[in-house]
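Per-entry structural report
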Amino acid sequence: FVAALTLMLADPDVRGLDDPVDAYVPGLLRDGDRVTIRDLLSHRAGLFDFTSDPELLRDDLPPRALVRIADARERLPGYAYSSTNYLVLGLLLEEATGEPLAGLLRRHVFEPFGLDRTTFEAGVVPGRHLHGHALATRDGVATGAPRDTSHLTAVSAWAAAAVVSTARDLDRFFSVLWSRGLAARMTPRPGDRYGLGLGRGEAPCGEIVFNGAYPHLRDGILR
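Some remarks on the pairing of strand β5 (residues 199–203)
Burial along β5 is one-sided: the residues Gly199, Gly201 and Ala203 are buried and none of Arg200 and Glu202 is. By the bridge criterion, five bridges tie β5 to strand β6 (residues 206–210) in an arrangement that is antiparallel. Across the sheet, the residue bridging to Gly199 is Phe210, located in β6. Where β5 folds back on β6, the antiparallel hairpin that results is connected by two residues.

Right, here's the structure in full:
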């Protein structure tokens, strides 16, 4: 959703994608004069993925704090999927437009795409919804019964994973992406693993296009 929003708000000739982060949020990254919007969308900025550190997920740290922690870590070369990129994009979009991310997503994506059951929820999800569950762990080993995690917020996830939707709306979202030509801009070029928000891979059923980190294949089933 955030990748699509970024492309929709970029200049028609896409030159805006090559603007550095510092052009919108000076000082957010130590190399913000070189890291571009395109680098963030294609996950080639080298930023540490805050979701890979369990300690960073224990508290609801705000996006800027998580970006600051990730920015201090060693940069990774080449393609490396990182949820931190979306936090930076969210902060950048808010600074560039002067609007909160929730409003931008609603006005430019949810409403025009006809996604009437899709919302941006950085807090506790209200109303009836499927509850998430997690296993308690001890010394890295899962123990005990699954515990309900629906009381947790998505403050830390924010621009990386705080959209709540339905299967029907998700199907419509991707259909509109293709019909408007956005998906073609988001998918990778031949020979690349990841594009500007979407990746391409192989599964037993044939070629697949996916969002998020590269899916794991086990026993012929996408995990």
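More follows now that the structure is in view.
Digging into the side chain of Ser83
On the secondary structure map, Ser83 appears in the loop between α3 (63–72) and α4 (84–97). Residues in contact with Ser83, not counting those within four places in the same chain, are Asp49, Phe50, Thr51 and Ala160.

Points about the side chain of Asp169
Relative to the helices and strands, Asp169 is located in helix α6 (residues 167–179). We note that Asp169 is buried and unpaired, the nearest opposite charge coming from Arg172 at a distance of 6.3 Å. Leave out the neighbours within four places in its chain, and Asp169 touches Gly114, Leu115, Asp116, Arg117 and Thr118.

Some points on α3
Where α3 is concerned, the buried positions are Pro63, Ala65, Leu66, Val67, Ala70 and Asp71. Here the buried face of α3 lies against α4.

Observations concerning the environment of Glu99
In this fold, Glu99 is placed in the loop between α4 and α5 (101–110). The exposure class of Glu99 is partly exposed, given its relative accessible area of 24%. With 63 residues separating them in the primary sequence, Glu99 and Thr36 have C-alpha atoms 21 Å apart. Only 2.4 Å separates the side chain of Glu99 from the side chain of Arg107, close enough to count as a polar contact.

Conventions we followed
- Residues numbered from 1 in each chain as written.
- Predicted model: local features only at pLDDT ≥ 70, side-chain atom pairs only at ≥ 80, totals over all residues.
- Heavy atoms only, no water.
- Buried < 20%, exposed > 50% of the residue type's maximum accessible area, 1.4 Å probe, protein only.
- Helix = DSSP H or I, 4+ residues; strand = E, 2+ residues; numbered from the N terminus.
- Pairing = 2+ DSSP bridges.
- Contact = heavy atoms within 4.5 Å.
- Lys, Arg positive; Asp, Glu negative; His and termini not counted.
- Salt bridge = Lys/Arg side-chain N within 4 Å of Asp/Glu carboxyl O.
- Polar contact = N/O pair within 3.5 Å; in protein donor to acceptor, adjacent residues only side chain to side chain.

Just geometry here; none of it tells us what the structure is for.
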